[in-house]
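# Remarks on the overall topology
Spelled out from the first residue to the last, the chains are:
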Amino acid sequence: MTATVAVETTPEIPLWNDPSRSVSDRVDALIGAMTPEEKIAQLYGVWVGASDQGGEVAPHQHDMEEAVDLDTLLPAGLGQLTRPFGTVPVDPALGALSLQRTQARIASANRFGIPALAHEECLAGFAAWGATAYPVPLSWGATFDPGVVRRMAAAIGRDMRSVGVHQGLAPVLDVVRDARWGRVEETIGEDPYLVGTIGTAYVQGLESAGIVATLKHFVGYSASRAGRNLAPAPMGARERADILLPPFEMAVREGGARSVMHAYNDIDGVPVAADETLLTGLLRDTWDFDGTVVADYFGIAFLKTLHGVAADWADAARAALTAGVDVELPTVKTFGAPLAEAVADGRVPEALVDRALRRVLTQKAELGLLDPDWSPVPAALDGTDADDPDALRGKVDLDRPENRELARELAEKAVVLLTNDGTLPLARPRRIALIGPSAAEPTAVLGCYSFPLHVGVQHPDVPVGIDLPTLADTLADEFPAADFTVARGTGVDDGDLTGIDAAVEAARDADVVIAVLGDRAGLFGRGTSGEGCDAESLALPGAQQQLLDALLDSGRPVVTVLLAGRPYALGRAATESAAVVQSFFPGVEGTHAIAGVLAGRVEPSGRLPVSVPRGTGAQPSTYLGARLAQASDVSNIDPTPAFGFGHGLTYTSFDWTDLTVDTSQAPTDGEVTLGLTVRNTGGRPGTEVVQLYLHDPVASVVQPVQRLVGYTRVALEPGQSRRVRVTVPADVASFTGRDGRRIVEPGVLHLRLAASSTDARLTATVTLTGPEREVDHTRRFHAEFTLEG
């Protein structure tokens, strides 16, 4: 008798669920099994809000969309869930439970078991109730420190991933062209190299946590005429290629970003959402980007309603798909029934749907959403009892001490000391007058995409969710023996003059006056800074300049502190203040950072990511002007800034000496190495930011007078010195030539080692030799710094 051996078998699973097979094979098999309706369902999102009771999400209604019936949609599947945490205030644990239950419903409703990809805003932290509100991107730029930004982004990504989010709509890589634009606070600065390096670091941090980073707004959004939001952007091809595109090139190549969001604007009459040369020809065919292109909210519908290049919703869908847009956000409008009908009657080839679908499903496969062991339970709820929502409330902390510590580090590094006559750091004053509309306002440190100002203002009965100490609070802790008088003086933008006399009286009774001025972040006209909050001029909003001038006339030393989303002209205060401290919406720990700088507990090390104008109307103006953009005898308008890009003081002093150049000549495919010694000659520790600017005195096309090509932070103790070496590849001298090719030309270059764009310390003159050389997006982006000693 022969013994029977039991053989353990594994039930066959569909190829698309088999993680042992290649992603491309899994995706091809799944596409082949789907109906046109099921394919299209993966190409749009639905805007939802999580339930504060842990129930399933509810569709969010917006005045630009129709009602959505999930019961009707879900049997075909669903591509994305839009902002489940960032639509209404919800306890993070219950929001995670709500998302978990909704994902289970989505997966069980379609025959392939595919969940949705959930995305959120994360411009200054995870935009969720109770999550840490970090400094805004303009403060990231002010740090000149990619490392701290990378760590911040990784922390944001971990928090998002822990509650079930997959994609973050950040960073903004728009380069500031006009500081009147309301979204300046969302940008990293006015220089493409700074924007590119800081933005790439953010992408790397977010992606390291498993979150799909989304580059926006591709491309040209910030170049709108007169700084108006969602307006035409009539830049030339060279401005687009040499100023606006490099940050995206860098973030795609070095950051590994897996998504790009198209911009709203048109460029010379062609809306970006319908521009195949940009979204396919450049982004994919030239740069080899293989991720997803998602629509800015309602951007595909705008092809019909705002741009007038589509006759109906199906035509808009066709134009966007043809151009290379893969996913309609925030909700289904054109990629739903209109697209399905257009595919059915042959107006839109199904191959276009398949092309976008392949990208979407590839991303879902890479995120593990097609795996047989996929679970809707996020890490934050692993092991919890989903049947007891009340027990979960408060169990997920998105504002942990380590988040706060990181937020404070970044805020401290971002504070920029613009002027100082020796008043700072403050000796222990006995009487301090703290005056201004932002002195005792908790939300004065927040940008418009922080949850409390983006969503929370619509729910005034709900607590703000995070601790927001005012500057009055933190200064009282910093100077416990001082007597404080706090006076509002005027509002941010109400123009009220009635409180100025009382504020001046308070100032006259004080040893020092701290004037705390700036912006109120908001959306679409509800603030003085933020999306849709553009400025007619760069004068301080409301009556704040009148208040500031009155304080300067009080006879007491005035320290001007700015909590703002853009740079403002300060009038007399730029030269008459005892000190000027600039902070760009520094987040939850921002007032601690500012108080620390004022007291001397924190050494100021921030540098301006945008120029501070001298006059209120000399715009648009950035430091990247050509020779014709500079002050001249033939115009009565002087665009020279009060404080240039890269400017920032410390509480110590530095000497820059011993410039060396390894060779005065190098081929157009070579490099040169410079060296210098930086010494702290003062009595306090401090950080110098060594900046390298390139000046090309003779080129075949007009160039900016100078542009940043490298930088590094050098921290030194009193008396300490370090040798700084920088290797400069010829590639960083490249620009777009007359025929549209990016080239490195032979000729003389001046390499300026500088403390700012207006303070060159040492200059090396080198010559590039040999033939003109063409380069592309694989060129070397960086001048490499090494610190010795």
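Here, the structure is the one placed above.
Before going into details, it helps to say that this report is about the structure given with it. This one's a predicted model, so the numbers in the text were calculated from it and none came from an experiment.

We now examine unusual backbone geometry. Along the chain, Ala170 connects to Pro171 via a cis peptide bond; the corresponding omega equals 10°. Relative to the helices and strands, Pro171 resides in the loop between strand E5 (167-168) and helix H7 (192-208). Not every positive phi belongs to a glycine, and Leu230 is a case in point at roughly 50°. As for its position among the elements, Leu230 is in the loop between strand E6 (212-218) and helix H8 (237-244). Classification of Leu230 by relative accessible area gives partly exposed; the value is 32%.

Judged by pairing direction, the sheet is antiparallel, and its three strands sit side by side in the order E23-E24-E27 without closing on themselves. Edge positions in the sheet fall to strand E23 (735-736) and strand E27 (773-774), since each of these pairs with one other strand and no more. The pairing of strand E24 (residues 742-744) with E27 spans two bridges and is antiparallel. Bridge assignment links Ile743 to a residue of E27, and that residue is Glu774.

Tracing the backbone through its elements, the reader meets Ala356 in helix H14 (residues 350-366). Judged by relative accessible area, Ala356 falls into the buried class, the value being 1%. The sequence separation of Ala356 and Ile40 amounts to 316 residues, and the corresponding C-alpha distance is 9.2 Å. Leave out the neighbours within four places in its chain, and Ala356 touches Leu43, Leu321, Val325 and Asp326.

The subject of this paragraph is the pairing of strand E25 (residues 747-756). A regular strand places its side chains so that they alternate between the two faces of the sheet. The element E25 is extensively covered by neighbouring structure, given that seven of its 10 residues are classed as buried. In terms of strand pairing, strand E20 (residues 686-695) meets E25 through five bridges, oriented antiparallel. Note that in E25 the partner of Gln691 across the bridge is Ala754. Direction of pairing for E25 relative to strand E26 (residues 759-769): antiparallel, over a ladder of nine bridges. Across the sheet, Ala754 pairs through a bridge with Ala760, a residue of E26. Between E25 and the antiparallel strand that follows it, E26, lie two residues.

Core analysis: the biggest nonpolar cluster contains 224 residues, and Phe126, Tyr202, Phe218, Ile435, Ile514 and Leu598 have the highest contact counts within it. Contacts of Ile435, omitting those with residues within four sequence positions, involve Ala487, Ala503, Ala506, Ala507, Val513, Ile514, Ala515, Val516, Leu547 and Leu551. Counting residues in each nonpolar core, the second largest holds 31 residues, with Val678, Leu692, Leu768 and Ala783 among its members.

It is worth spelling out the packing of aromatic side chains at this point. According to the stated counting rule, one finds 15 aromatic pairs in the structure shown. Ring plane angle 85° and centroid distance 5.3 Å describe the contact between Trp181 and Tyr221, whose orientation is recorded as edge-to-face. Residue Trp181 is located in the loop between E5 and H7, and its partner Tyr221 is located in the loop between E6 and H8; the two are separated by 40 residues in the primary sequence. Accessibility expressed as a relative area gives 1% for Trp181, which makes it buried. What links up through ring pairs into an aromatic cluster is the set Phe144, Tyr193, Tyr623, Phe645, Tyr693 and Tyr711. Across from the ring centre of Tyr449, 5.6 Å away, lies the NZ or CZ of Lys216, which sits over that ring. Here the basic side chain of Lys304 rests over the ring of Trp313, its NZ or CZ set 4.7 Å away from the ring centre.

Once that is clear, we can look at the pattern of salt bridges. This structure, assessed with the given rule, holds 45 salt bridges. Between Arg358 and Asp28 there is a salt bridge, with the nearest N and O atoms lying 3.0 Å from each other. In this pair, Arg358 is assigned in helix H14 and Asp28 in helix H1 (residues 23-33), connecting sequence segments 330 residues apart. Judged by its relative accessible area of 36%, Arg358 is partly exposed. On the accessibility criterion, Asp28 (38% relative accessible area) is partly exposed. Lys216 is the salt-bridge partner of Glu121, the closest N and O atoms lying 3.1 Å from each other. With Glu121 in the loop between strand E4 (117-120) and helix H5 (137-143) and Lys216 in strand E6, this pair connects stretches of sequence that are 95 residues apart. For the residue pair Glu121 and Lys216, the accessibility class agrees, reading buried in each case. Linked by salt bridges that have partners in common, Asp145, Arg151, Glu409, Lys413 and Arg713 make up one network.

The subject of this paragraph is the state of the cysteines. Under the definition given, this model contains zero disulfides. In this model Cys122 remains outside any disulfide bridge; the closest cysteine sulfur is found in Cys448, 14 Å from its own. Using a relative accessible area of 0% as the deciding quantity, one classes Cys122 as buried. With no disulfide of its own, Cys533 lies closest to Cys448 among cysteine sulfurs, the gap being 7.1 Å. A relative accessible area of 3% places Cys533 in the buried class.

This brings us to helix H19 (residues 500-508). Within H19 the residues assigned to the buried category are Ile500, Ala503, Val504, Ala506 and Ala507. Along H19, the residues classed as buried sweep out an arc of 160° about the axis, all on the same side. Away from its buried face, by an angle of more than 90 degrees, H19 presents the exposed residues Asp501 and Ala502. Its buried side turned inward, H19 meets strand E12 (431-435), strand E13 (483-487), strand E14 (512-518) and helix H20 (544-552).

Every buried residue of helix H10 (residues 276-286) is accounted for by Leu278, Leu279, Thr280, Leu282, Leu283 and Arg284. Phi turns positive, to about 65°, at Asp288, one or two residues after H10.

What counts as what
- Residues numbered from 1 in each chain as written.
- Predicted model: local features only at pLDDT ≥ 70, side-chain atom pairs only at ≥ 80, totals over all residues.
- Heavy atoms only, no water.
- Helix = DSSP H or I, 4+ residues; strand = E, 2+ residues; numbered from the N terminus.
- Buried < 20%, exposed > 50% of the residue type's maximum accessible area, 1.4 Å probe, protein only.
- Pairing = 2+ DSSP bridges.
- Contact = heavy atoms within 4.5 Å.
- Core = buried A, V, L, I, M, F, W, Y, C linked by side-chain atoms within 4.5 Å.
- Phe/Tyr/Trp six-rings, centres within 6.5 Å; stacked < 30°, edge-to-face > 60°.
- Lys NZ or Arg CZ within 6 Å of the ring centre and 35° of its normal.
- Salt bridge = Lys/Arg side-chain N within 4 Å of Asp/Glu carboxyl O.
- Disulfide = S-S within 2.5 Å.
- Arc of directions from axis to C-beta.

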